[in-house]
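Residue-level structural notes
One letter stands for each residue in the lines below.
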Amino acid sequence: MLAFLNKNPSKKQISWIKAVVFIICLIPLIRLVWLGVVDNLGANPIEFIEHSTGFWALFILLATLTLTPIRLLSGRAWPIQIRRMLGLFMFFYVCLHIITYVWLDFAFDWLAITKDVAKHPRILVGFAAFILSVPLALTSTNSMMKRLRERWKQLHQLVYFIAILVIVHFWWLVKKDIREPLLYACILMVLLGIRIYYKYIKAPKVSSKVQVNSL
Amino acid sequence: MIIQNKSDIIPSEITPKSVFDNRRDFIQKAGFGLIAGAAGLISNPLKAATVSSGTTEGAGRLVGRANAPAIVKPTSFGARQKISGYNKTAYGASEKLTAYEDITTYNNYYEFGTDKNEPAINSKLFKPYPWTVSIEGEVKKNKTISIEDIYKLAPLEERIYRMRCVEGWSMVIPWIGLPLAQLIKWAEPNANAKYVEFVSLADKQQMPGQNIQVLDWPYTEGLRMDEAMNPLTIMAVGLYGEQLPNQNGAPLRLVTPWKYGFKGIKGIVKIRFVEKMPVSSWMKAGPSEYGFYANVNPNVEHPRWTQSSERRIGAGLFAGRIKTQMFNGYTEQVGQMYAGLDLRKNF
């Protein structure tokens, strides 16, 4: 049934895959709107929306970072084609997260927001991750990719740093029970570890690896 | 600031909360199920533990005298029992009460899980009756008192208090209880008693959250003797006219409305009078974040959460924040106890 995964999908199949991923990525938003409409966001709805949008931004970010390991481990490069969309969805949920914070949580009280960012390392780290993700979103187009060339690649390596900041932001949120952020930290370490392994240890043998896979 | 002349929720109007499902949590994490499942050791063992400790409650039984508020053993899970015969007081009469559902489904009670919706679910099988509290330390003599006798120590009062959590949210809760001073009088502490230490139940069977060393169990808290004797300090046994729900600290908890919510230790089994300042569970967990006093103070920042403002639970999506008041607005009653104390150092 999943035989199409074994070879490179056609252009038409790719656009279908993209459409499906697009819809899946909208589900958390649809769910939030639905829960809001039926008044089921719990006792602290603002916190609920902040946590939900933050969680999904992190989830999609980690999903984005699995595409390269999939390529490295399986030799199949086509999943990379959904990377931009996932990256932009991560940015979309980050924007919802920030809007909730600035609007619903702090009602555009910029003085209070400035104090909150400055006084709480947790907020500062999250804010830094947001700021750093803005240039990545802005340079996600094909034309920017062409224009920046090698520097585009360098710029977009920021995503690793952003991922670490996001995990720290989550870690510092929990009072004492660190199991959940620890889980995401482990996943991120595995995802980055696979890259490091292929780049620095496996690198000379990459060509033979590709041959093995193509057999 | 929300000040209304009359509470618009009558306790009798509030419908019982049906089993609070955890679908929010579930749906949120469903997408992550594959990965979380693989990392089984990190996934939540709480629910399984709860189920394994389950037996059904016995038949209803009336304890106590006809003219004293009686404790009624619940006839079934989550059955709500009215407290008969308590006095209304002027405390918080002008405050708008937080809805019963919000008070009983949004709880920090790590013995039953660290997510706020978990205590309502994981405490269903907890048995708060029968219950005794032991009195120890610097007292005339060690003794124990049953929850039934605590109900009879003094006339029960309704106290509507604001509660400010260190996480930056607040509620208004109609507690029922008695002044802690009455219990202390009965306990007969000696002249060496400078502090009161409270200890919660330690029981992994009934409190599945204790299987994880999130805090140093059992939960402990403490008050200085004058804080404990302050008329604002109560031992709560109920809320909204009923016996305390398990997730709110049944059968007996501390309420100190001018302090952050975590001072309100729940499920108390031991009260010890001591000479030296006790070290609470939260002080052990994060000495730079949680101090002994934990007085609500908008001028002393916490490393994680804004303390200058707070969000009132139930106010709605667009209500914004309200300014946090010094001592949570109870300066008149408690301010004099801290005259000359550097509240920045003694946070």
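For the structure itself, look to the data block above.
Below you will find a few notes about this structure. (Residues numbered from 1 in each chain as written. Chains lettered and ligands numbered in written order. Predicted model: local features only at pLDDT ≥ 70, side-chain atom pairs only at ≥ 80, totals over all residues.)

**Digging into the overall build of chain A**
Within chain A, the secondary structure is distributed over ten helices and zero strands. Summarising its shape, the C-alpha atoms of chain A cover approximately 60 × 40 × 35 Å along the three principal directions. (Helix = DSSP H or I, 4+ residues; strand = E, 2+ residues; numbered from the N terminus.)

**Concerning unusual backbone geometry**
The omega angle of the peptide bond from B:Tyr129 to B:Pro130 is -5°, so this bond is cis rather than trans. Looking at the element boundaries, B:Pro130 is found in the loop between helix 5 (118-122) and strand 4 (132-137). Cis geometry marks the peptide bond from B:Ala250 to B:Pro251; its omega dihedral reads 0°. Here B:Pro251 lies in the loop between strand 11 (242-243) and strand 12 (253-255). Phi is positive for A:Phe108, close to 55°, though the residue is something other than glycine. Its place among the elements puts A:Phe108 in the loop between helix 3 (83-105) and helix 4 (110-119). Residue classification places A:Phe108 among the exposed residues on the basis of 9 C-beta atoms within 10 Å. Backbone geometry places B:Glu188, a non-glycine residue, at a positive phi of 55°. (Buried ≥ 20, exposed ≤ 12 C-beta atoms within 10 Å, placed from the backbone.)

**Comments concerning the environment of A:Tyr93**
Structurally, the position occupied by A:Tyr93 is in helix 3. In the structure, A:Tyr93 is positioned 65 residues away from A:Pro28 in sequence and 9.2 Å away in space, judged by C-alpha atoms.

**Details of the sheet that holds strand 9 (residues 220-224) of chain B**
Residue and element names in this part refer to chain B. Across the sheet, which stays open at both edges, the five strands sit in the order 5-4-13-8-9 with mixed pairing between neighbours. Strand pairing shows two members of the sheet lacking a second neighbour, strand 5 (143-146) and strand 9, which therefore form its edges. Going from strand to strand, the sheet's axes swing by 20° on average, the running direction of each strand aside. Here strand 4 pairs with strand 5 via four bridges, running antiparallel. Bridge assignment links Ile135 to a residue of strand 5, and that residue is Lys143. (Pairing = 2+ DSSP bridges. Axes fitted to C-alpha atoms, helices over the stretch in contact; angles between N-to-C directions.)

**Some thoughts on the pairing of strand 7 (residues 169-179) of chain B**
Residues and elements named next belong to chain B. The element strand 7 is largely enclosed, with a buried count of eleven among its eleven residues. The hairpin turn running from strand 6 (residues 157-164) into strand 7, its antiparallel successor, is four residues long, and Gly168 in that turn takes a positive phi close to 95°. Bridge analysis of strand 7 against strand 14 (residues 309-312) gives two bridges, and the strand direction is parallel. Across the sheet, the residue bridging to Ser170 is Arg312, located in strand 14. Sheet topology note: the strand 7/strand 10 (residues 234-239) ladder contains five bridges and is antiparallel. Directly across from Trp175, in strand 10, lies its bridge partner Leu239.

**With respect to the interface of chain A and chain B**
The interface of chain A with chain B comprises 25 residues on the first partner and 28 residues on the second. Within the residue set of the side of chain A that touches chain B, elements represented by two or more residues are helix 2 (45-74), helix 4, helix 5 (121-138) and helix 9 (179-201) of chain A. Tallying contributions element by element places helix 2 of chain A first for the side of chain A that touches chain B, with five residues. Taken together, the residues of the side of chain A that touches chain B break down into 14 nonpolar, four polar and seven charged. (Contact = placed C-beta atoms within 7 Å. Nonpolar A, V, L, I, M, F, W, Y, C, P; charged D, E, K, R; others polar.)

**Things to note about the nonpolar core**
Residues and elements named next belong to chain B. The biggest cluster of nonpolar side chains holds 71 residues, and the ones touching the most others in it are Ile173, Trp175, Ile176, Met235, Ala236, Val237 and Leu239. Per element, the largest residue contribution to this core is seven residues, and it comes from strand 7. Excluding residues within four positions of it along the chain, Ile173 makes contact with Thr98, Ile103, Tyr161, Met163 and Leu239. (Core = buried A, V, L, I, M, F, W, Y, C linked by C-beta atoms within 7 Å.)

**Overview of the environment of B:Ile135**
Residue and element names in this part refer to chain B. Tracing the backbone through its elements, the reader meets Ile135 in strand 4. Classification of Ile135 as buried rests on a count of 21 C-beta atoms within 10 Å. As a C-alpha pair, Ile135 and Ile184 span 49 residues in sequence and 9.4 Å in three-dimensional space. Beyond its immediate stretch of four places on either side in the chain, Ile135 contacts Asn142, Lys143, Thr144, Ile145, Ala187 and Ile271.

**Focus on the pairing of strand 8 (residues 195-200) of chain B**
All names here are of chain B. Extensive coverage of strand 8 is indicated by the burial of six of its six residues. Of the two faces of strand 8, the one lined by Tyr195, Glu197 and Val199 and the one lined by Val196, Phe198 and Ser200 are each fully buried. Bridge analysis of strand 8 against strand 9 gives five bridges, and the strand direction is antiparallel. Following the sheet pairing, Val196 is matched in strand 9 by Leu223. In terms of strand pairing, strand 8 meets strand 13 (residues 268-274) through six bridges, oriented antiparallel. Looking at the pairing, Glu197 lines up with Arg272 of strand 13.

**As for the packing of helix 2 of chain A against helix 3 of chain A**
All names here are of chain A. Relative to each other, helix 2 and helix 3 sit at 160°, their axes nearing to 8 Å. Of the possible angle classes, the one that applies to helix 2 and helix 3 is roughly antiparallel. Note that helix 2 runs across helix 3; the crossing there is left-handed. Residue classes in the contact of helix 2 with helix 3 are distributed as 16 nonpolar, six polar and three charged. (Parallel < 35°, antiparallel > 145°, perpendicular 65-115°, else oblique. Left-handed = near helix turned anticlockwise from the far one by under 90°.)

**A short note on helix 3 of chain A**
For helix 3 of chain A, built from 23 residues, the straight-helix expectation of 33 Å at 1.5 Å per residue is met to within 8% by its first-to-last C-alpha distance of 31 Å. One or two residues past the end of helix 3 of chain A sits A:Ala107, with phi positive at roughly 45°. (Expected span 1.5 Å × (residues − 1).)

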